[in-house]
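Listed below, chain by chain, are the residues.
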Amino acid sequence: MYRFLLTPRWWVINVFTLLAIPVCLFMGSWQLSRFETRVDTHNQQQDDASRERKAAARPLSDLLPVTAKTSGERATATGRYDTTHQLLVPDRRLDGRDGFYVLTLLRVDAEGDVGGGKGVADGKDGAGAKDGAGVRDGAGAKALPVVRGWLPGDADDPAAAAKVPAPPSGEVTVTGALQASEHQGGDGVSVAGGLPRGQLGMISAASLVNLVPYQVYDAWVTSSQAPGALKPVPPTAAEGTGLDIKAFQNLGYTGEWFVFAGFVIFMWFRLFRREAETARDLALGITPPEPTAPTAPGADRTPDDAERTRSPSATA
């Protein structure tokens with residue numbers, strides 16, 4: 001009765017089913033493991049953030065290059081603000097409100113002395129001690145982008161831009177959370193051209209290299225203390241970690257792959273049942289009726305049609 005399973009057509013169906021089910025289960029399990037990894041990473045980041053808030057800041061040179069582990073750690077750098085290249089980063093939200101970041105470039109020592117200088121107060125966005133390690137204003141000095149804070153409003157509005165406090169002069173030590181350079185597709189990143197002079201859509205060395213005449217670190221720091229009307233910008237989780245939209249996409253893909261596996265099993269049983277019923281009917285001598293073409297209205301009926309529609313009285 002089930003000899004139809006040995007036909008070439010069913011060999012193809014069976015091989016496809018046996019391959020599709022493990023593949024779907026493997027892909028679903030893989031997506032689930034990715035989601036679980038992101039959950040574990042998120043929990044680890046929460047624990048690390050609690051410890052880092054209590055831990056002392058580390059010199060920037062010890063944390064570069066930025067990785068998923070060092071992103072968000074407290075870093076410190078000593079230098080002088082470039083007051084001629086202060087930039088506004090528009091279209092950034094904080095606490096559900098629209099606003100903009102205030103970014104200033106910190107010129108640090110050309111030889112990489114980007115730690116806190118001797119006698120410089122830690123964590124203050126202001127003038128440091130005069131006996132600290134001086135920053136040489138040489139052509140080789142690199143700059144660290146520092147987000148000094150956030151302001152509500154539109155960066156194109158002169159009244160909102162007028163509220164931005166001027167960066168301090170002289171040598172300063174900045175302490176804040178280390179962040180990786182932004183990229184296209186990141187949260188809040190604007191890649192549209194035509195921004196006014198003095199504005200920046202994406203915080204990255206690639207975007208700044210054409211705006212300043214010196215090298216820029218491939219990282220940035222959000223200052224833990226914001227002067228004046230500015231509000232500190234909280235650090236963001238490193239890309240590929242944390243419970244972002246991509247993490248829940250992994251969870252959705254998990255369900256899709258398991259549904260695909262169930263659909264393959266359902267379709268196999270449906271085809272098997274239909275084929276088995278057909279084979280049983282043939283074994284009992286029950287053949288399905290052959291389809292006949294419908295007769296057009298008003299057309300002459302064939303003798304068979306007349307015979308089938310003849311009344312019993314006419315036959316008698």
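See the structure above.
Residues numbered from 1 in each chain as written. Predicted model: local features only at pLDDT ≥ 70, side-chain atom pairs only at ≥ 80, totals over all residues. Heavy atoms only, no water.

What follows concerns the layout of surface pockets. For the second largest pocket, the calculated volume is near 300 Å³. Among the residues making up the lining of the second largest pocket, the classes are represented as six nonpolar, seven polar and one charged. (1 Å grid on protein atoms, 1.4 Å probe; cavity = no way out; pocket = protein on both sides within 12 Å on 5 of 7 lines; lining within 4 Å. Points joined across faces, edges and corners; volume = space filled by probe spheres on them. Nonpolar A, V, L, I, M, F, W, Y, C, P; charged D, E, K, R; others polar.)

What the rule picks out here adds up to five aromatic pairs. An angle of 5° between the planes, with centres 5.2 Å apart, marks the rings of Trp268 and Phe272 as stacked. A residue pair is termed a helical-turn pair when its members lie 3 or 4 positions apart in one helix, as Trp268 and Phe272 do in helix α5 (residues 245-283) at four residues. Within the aromatic cluster, the residues linked to one another by ring pairs are Trp10, Trp268, Phe269 and Phe272. (Phe/Tyr/Trp six-rings, centres within 6.5 Å; stacked < 30°, edge-to-face > 60°. Helix = DSSP H or I, 4+ residues; strand = E, 2+ residues; numbered from the N terminus.)

What follows is about unusual backbone geometry. The omega angle of the peptide bond from Leu64 to Pro65 is -5°, so this bond is cis rather than trans. Considering the arrangement of structural elements, one finds Pro65 in the loop between α2 (60-63) and β2 (74-81). Of note, Asp91 is a non-glycine position whose phi angle comes to about 60°, a positive value. Within the secondary structure, Asp91 sits in strand β3 (residues 87-94). The exposed category is assigned to Asp91, whose relative accessible area is 56%. A positive phi is found at Asp95, a non-glycine position, where the angle reads about 55°. By the element assignment, Asp95 lies in the loop between β3 and β4 (97-108). (Buried < 20%, exposed > 50% of the residue type's maximum accessible area, 1.4 Å probe, protein only.)

So, about the environment of Ser29. In this structure, Ser29 sits in helix α1 (residues 8-54). In the structure, Ser29 is positioned 225 residues away from Thr254 in sequence and 6.8 Å away in space, judged by C-alpha atoms.

It is worth spelling out the side chain of Asn14 at this point. Among the structural elements, Asn14 can be located in helix α1. Judged by relative accessible area, Asn14 falls into the buried class, the value being 18%.

Our next topic: α5. Residues that lie three or four places apart on an α-helix share one face, since the helix turns once every 3.6 residues. In a regular helix each residue adds 1.5 Å, so 39 residues correspond to 57 Å; α5 covers 57 Å between its end C-alpha atoms and thus fits that length. Regarding α5, the residues found buried are Ala247, Asn250, Thr254, Ala261, Val264, Phe272 and Ala276. Downstream of α5 by one or two residues, Gly285 has phi in the positive range, about 80°. (Expected span 1.5 Å × (residues − 1).)

The subject of this paragraph is the side chain of Thr70. One can find Thr70 in the loop between α2 and β2. For Thr70, a relative accessible area of 12% gives the class buried. Reaching out from Thr70, the side chain makes a polar contact with the backbone nitrogen of Thr67 at a distance of 2.8 Å. The residues contacting Thr70, other than those within four sequence positions of it, are Leu63, Pro65 and Leu178. (Polar contact = N/O pair within 3.5 Å; in protein donor to acceptor, adjacent residues only side chain to side chain. Contact = heavy atoms within 4.5 Å.)

The nonpolar side chains of a soluble globular protein tend to be buried, and buried together. Of all hydrophobic cores here, the largest spans 17 residues; its most connected members are Val89, Tyr101, Leu103, Leu105, Val147, Ile203 and Leu208. Breaking this core down by element, the ones donating at least two residues are β3, β4 and β5 (143-152). Leaving out residues up to four positions away in the same chain, Leu105 has contacts with Arg80, Tyr81, Asp82, His85, Ala143, Leu144, Pro145, Leu208, Val212 and Tyr214. Counting residues in each nonpolar core, the second largest holds 15 residues, with Ala75, Val174, Leu178 and Tyr217 among its members. (Core = buried A, V, L, I, M, F, W, Y, C linked by side-chain atoms within 4.5 Å.)

This brings us to the environment of Phe263. Inspection of the secondary structure assignment puts Phe263 in helix α5. Assessed through its relative accessible area of 49%, Phe263 is described here as partly exposed.

Under the criterion given, the structure shown has five salt bridges. One salt bridge in this structure joins Asp98 and Arg93, with 2.5 Å as the shortest N-O distance. Close ionic contact of Glu277 with Arg273 constitutes a salt bridge, the shortest N to O distance being 3.3 Å. One end of the pair is Glu277 and the other is Arg273, both in helix α5 and four residues apart, which spans about a single turn. (Salt bridge = Lys/Arg side-chain N within 4 Å of Asp/Glu carboxyl O.)

Note on strand geometry: in a regular strand, side chains alternate between the two faces of the sheet. With nine of 10 residues buried, β5 lies mostly within the body of the structure. The pairing of β4 with β5 spans nine bridges and is antiparallel. Bridge pairing in β5 links Tyr101 to Trp150. Relative to strand β7 (residues 219-223), β5 runs parallel, the two sharing two bridges. The residue bridging Val146 from the neighbouring strand is Val221, located in β7. (Pairing = 2+ DSSP bridges.)

Honestly, it's all geometry; don't read function into it.
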